[in-house]
Amino acid sequence: MTAVSAVKAALKTQAIETPSWAYGNSGTRFKVFAQPGVPRNPREKLEDAARVHQHTGVAPTVALHIPWDKVEGSDGYADLATYAQELGLRLGAINSNVFQDDDYKLGSVTNPDPAVRRKALGHLLECVDIMDATGSRDLKLWFSDGTNYPGQDDIRARQDRLAEALAAVYERLGESQRMLLEYKLFEPAFYATDVPDWGTAYAHCLKLGPKAQVVVDTGHHAPGTNIEFIVALLLREGRLGAFDFNSRFYADDDLMVGAADPFQLFRIMYEVVRGGGFTADVAFMLDQCHNIEAKIPAIIRSVMNVQEATAKALLVDGEALGAAQRSGDVLAANAVLMDAYNTDVRPLLAEVREELDLDPDPIAAYRRSGWAEKIVAERVGGTQAGWGA
């Protein structure tokens, strides 16, 4: 049996990165919904993120998205990093944006126009400059590039252009920096997305070198895809760099992680624990949009969902599972996993939080804090942050 003390010790080391954009306004492709008290600039986003970390104790880093989090001045990003430190945070992954520009209608780094490709590459290199200023380790790349119609462009040539751009960015990375390559089955490209799956991302990363790693976004797969198999294989090959945690019912819904299928999240986290991925080498990031629910408590709840899935994964009796597997006892092996999954770990996590001098109920603590009322009263005027801002 797994010792509860060991499970507690592991949970205290967990770190879950929250995304700056989750604190801003978001919505569907039809409408972006505004909420009172939403941050108006990156500093206010960090202030909200600090509340999440204050109540959970496991959300010490915040991912930025450029240009959504663009700051002015030669020392702007260094100053932002300093402000994060003052709030008890660090700046995490820098996310590029080569999808919200009219020039990218036919693609960014895979565009048939060399001038557009140069523009996109310039932005990616700018993001590495920002990493230098913020002290960030990870550059996260997602490309909306692709085609909508057969014959629209040369599929193989687009892969060549992608490889050329990735190689240029890889060459620019510092010694301790990494490139995290994300994939997405479809949307906005519907016929052929240029990085549609983990295999394509893995192939490019393998060619680039060890500083290129794959990002598994839990919403970016075809229905029925065995995501934990992908996780196990990438861990085995040493190429799993990060997760983008969210939940989906149909496609890339970007709902709260664990909302649709908490059992899947448990299975993923078991493979992480089993495969030696519960380390700082694998970044556990949220990538969600909170359109109709209050943002900060939704992010706190998401962090708690990851914690609960992790706790259950850590409780799996590895010895009993291995024995059942070796003997071919299918039912006994499945029962070991189900016993761990069916364990109510909320009391255990409450104990962990109390041992960290935190409130055992982060949501209740946030509601009592008065922060929601404070930001609604103070954040009046200006332009709220959101998609494209």
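You'll find the structure just up there.
Here's a quick rundown of the structure. Predicted, not measured: the structure shown is a model, and the values here were computed from it.

**Remarks on the sheet that holds strand S1 (residues 16–19)**
Strands sit in the order S1-S4-S5-S6-S8-S10-S11-S12 around a closed barrel of eight strands; the barrel is parallel. The average angle at which neighbouring strand axes cross in this sheet is 30°, direction not considered. By the bridge criterion, three bridges tie strand S8 (residues 178–181) to strand S10 (residues 212–217) in an arrangement that is parallel. Within S10, the position partnered with Leu181 by the bridge is Val214.

**With respect to the pattern of salt bridges**
Taken as a whole and assessed by the stated rule, the structure comprises 28 salt bridges. Residues Glu355 and Lys8 are paired through a salt bridge, measuring 2.9 Å at the closest nitrogen-oxygen approach. Of this pair, Glu355 sits in helix H12 (residues 346–355) while Lys8 sits in helix H1 (residues 4–12), and the two are 347 residues apart along the sequence. The salt bridge partner of Glu355 is Lys12, with a shortest N-O separation of 2.6 Å. A residue pair is termed long-range when its members are at least 10 positions apart, and Glu355 in helix H12 and Lys12 in helix H1 qualify at 343 residues. Owing to a relative accessible area of 34%, Lys12 belongs among the partly exposed residues under this scheme.

**Details of the pairing of S1**
Of the two faces of S1, the one lined by Ile16 and Thr18 and the one lined by Glu17 and Pro19 are each fully buried. Direction of pairing for S1 relative to strand S12 (residues 283–286): parallel, over a ladder of two bridges. Residue pairing in the sheet places Ile16 in a bridge with Phe284 of S12. As judged from the two bridges shared by S1 and strand S4 (residues 61–65), these two strands associate in the parallel manner. In the sheet register, Thr18 faces S4, and the bridge partner there is Val62.

**Quick notes on the pairing of S10**
Across the six residues that make up S10, a large majority, six, are buried. Residues of S10 alternate between two faces, with Ala212, Val214 and Val216 on one and Gln213, Val215 and Asp217 on the opposite face, all of them buried. Examined bridge by bridge, S10 and strand S11 (residues 240–245) share four bridges and lie parallel to one another. Each bridged residue has a counterpart across the sheet, and for Val216 the counterpart in S11 is Phe243. Regarding the hand of the β-α-β motif, the stretch spanning S10, helix H7 (residues 227–236) and S11 is right-handed.

**With respect to the packing of aromatic side chains**
Applying the stated criterion to the full structure yields 12 aromatic pairs. Summarising the aromatic geometry, the rings of Phe186 and Phe190 are spaced 6.0 Å apart at their centres and angled 40° between planes, so their arrangement reads as tilted. Using a relative accessible area of 31% as the deciding quantity, one classes Phe186 as partly exposed. Between Trp198 and Tyr202, the ring centres sit 6.4 Å apart and the planes meet at 45°, which makes this aromatic pair tilted. Of the two residues, Trp198 and Tyr202 are both situated in helix H6 (residues 198–208); the distance of four residues between them amounts to about one turn of the helix. Following the ring pairs from residue to residue traces out a cluster consisting of Trp21, Trp68, Phe99 and Trp142. Note that Lys119 overlies the ring of Tyr104, its terminal NZ or CZ placed 5.6 Å from the centroid. When the ring centre of Tyr170 is taken as reference, the NZ or CZ atom of Lys211 above it lies at 5.4 Å.

**As for the packing of H7 against helix H8 (residues 262–274)**
Two numbers describe a pair of packed helices, the interaxial angle and the distance between the axes. Two elements in contact, H7 and H8, have axes whose closest approach is 9 Å; the angle formed by their N-to-C orientations is 15°. On the basis of the axis angle, H7 is roughly parallel to H8. Our pair here, H7 against H8, has a crossing hand that is right-handed. Across the interface between the two elements, Ile227, Glu228, Val231, Ala232 and Leu235 from H7 touch Gln264, Arg267, Ile268, Glu271 and Val272 from H8. The class makeup of the residues in the contact of H7 with H8 is six nonpolar, one polar and three charged.

**So, helix H9 (residues 295–314)**
With 20 residues, H9 should reach 28 Å at 1.5 Å per residue; the first-to-last C-alpha distance of 29 Å fits that figure. With 19 of its 20 residues buried, H9 lies for the most part within the structure.

**Section: empty space enclosed by the protein**
If you roll a probe as big as a water molecule over the atoms, it shows you where there is empty space left. Taken as a whole, this structure holds three cavities of 30 Å³ or more when the rule is applied. In this structure, the largest cavity spans a volume of roughly 60 Å³. Around the largest cavity, the lining residues are Thr218, Asn246, Ser247, Val257, Gly258, Asp261, Gln264, Leu265 and Ile268. Of the residues contributing to the lining of the largest cavity, the split by class is three nonpolar, five polar and one charged. Computed from the structure, the second largest cavity encloses a volume of approximately 40 Å³. Contributing to the lining of the second largest cavity are Lys184, Leu185, Phe186, Gly219, His220, His221, Arg248, Ala251 and Asp252.

**So, the side chain of Arg353**
Residue placement: Arg353 occurs in helix H12. Buried charge without a salt bridge: Arg353, with Glu308 as the nearest opposite-charge side chain at an N-O distance of 5.6 Å. Contacts of Arg353, omitting those with residues within four sequence positions, involve Met304, Gln307, Leu358, Asp359, Pro360 and Pro362.

**Topic: the layout of surface pockets**
Estimated volume of the largest pocket: approximately 1100 Å³. Lining the largest pocket are 31 residues, and of these Lys184, Glu187, Asp252, Asp254 and Trp387 sit closest to its centre. When grouped by side-chain class, the residues that make up the lining of the largest pocket number 11 nonpolar, 10 polar and 10 charged. Of the voids in this model, the second largest pocket is the one considered here, and its volume is about 500 Å³. For the lining of the second largest pocket, the elements supplying multiple residues, two or more each, are helix H3 (76–86), strand S5 (90–95) and S12. Residue contributions to the lining of the second largest pocket peak at four residues, all from S5. For the lining of the second largest pocket, the per-class residue count stands at 11 nonpolar, nine polar and four charged.

Rules of the game
Residues numbered from 1 in each chain as written. Predicted model: local features only at pLDDT ≥ 70, side-chain atom pairs only at ≥ 80, totals over all residues. Heavy atoms only, no water. Pairing = 2+ DSSP bridges. Helix = DSSP H or I, 4+ residues; strand = E, 2+ residues; numbered from the N terminus. Axes fitted to C-alpha atoms, helices over the stretch in contact; angles between N-to-C directions. Salt bridge = Lys/Arg side-chain N within 4 Å of Asp/Glu carboxyl O. Buried < 20%, exposed > 50% of the residue type's maximum accessible area, 1.4 Å probe, protein only. Right-handed = clockwise from strand over helix to strand, strands pointing away. Phe/Tyr/Trp six-rings, centres within 6.5 Å; stacked < 30°, edge-to-face > 60°. Lys NZ or Arg CZ within 6 Å of the ring centre and 35° of its normal. Parallel < 35°, antiparallel > 145°, perpendicular 65-115°, else oblique. Left-handed = near helix turned anticlockwise from the far one by under 90°. Contact = heavy atoms within 4.5 Å. Nonpolar A, V, L, I, M, F, W, Y, C, P; charged D, E, K, R; others polar. Expected span 1.5 Å × (residues − 1). 1 Å grid on protein atoms, 1.4 Å probe; cavity = no way out; pocket = protein on both sides within 12 Å on 5 of 7 lines; lining within 4 Å. Points joined across faces, edges and corners; volume = space filled by probe spheres on them. Lys, Arg positive; Asp, Glu negative; His and termini not counted.

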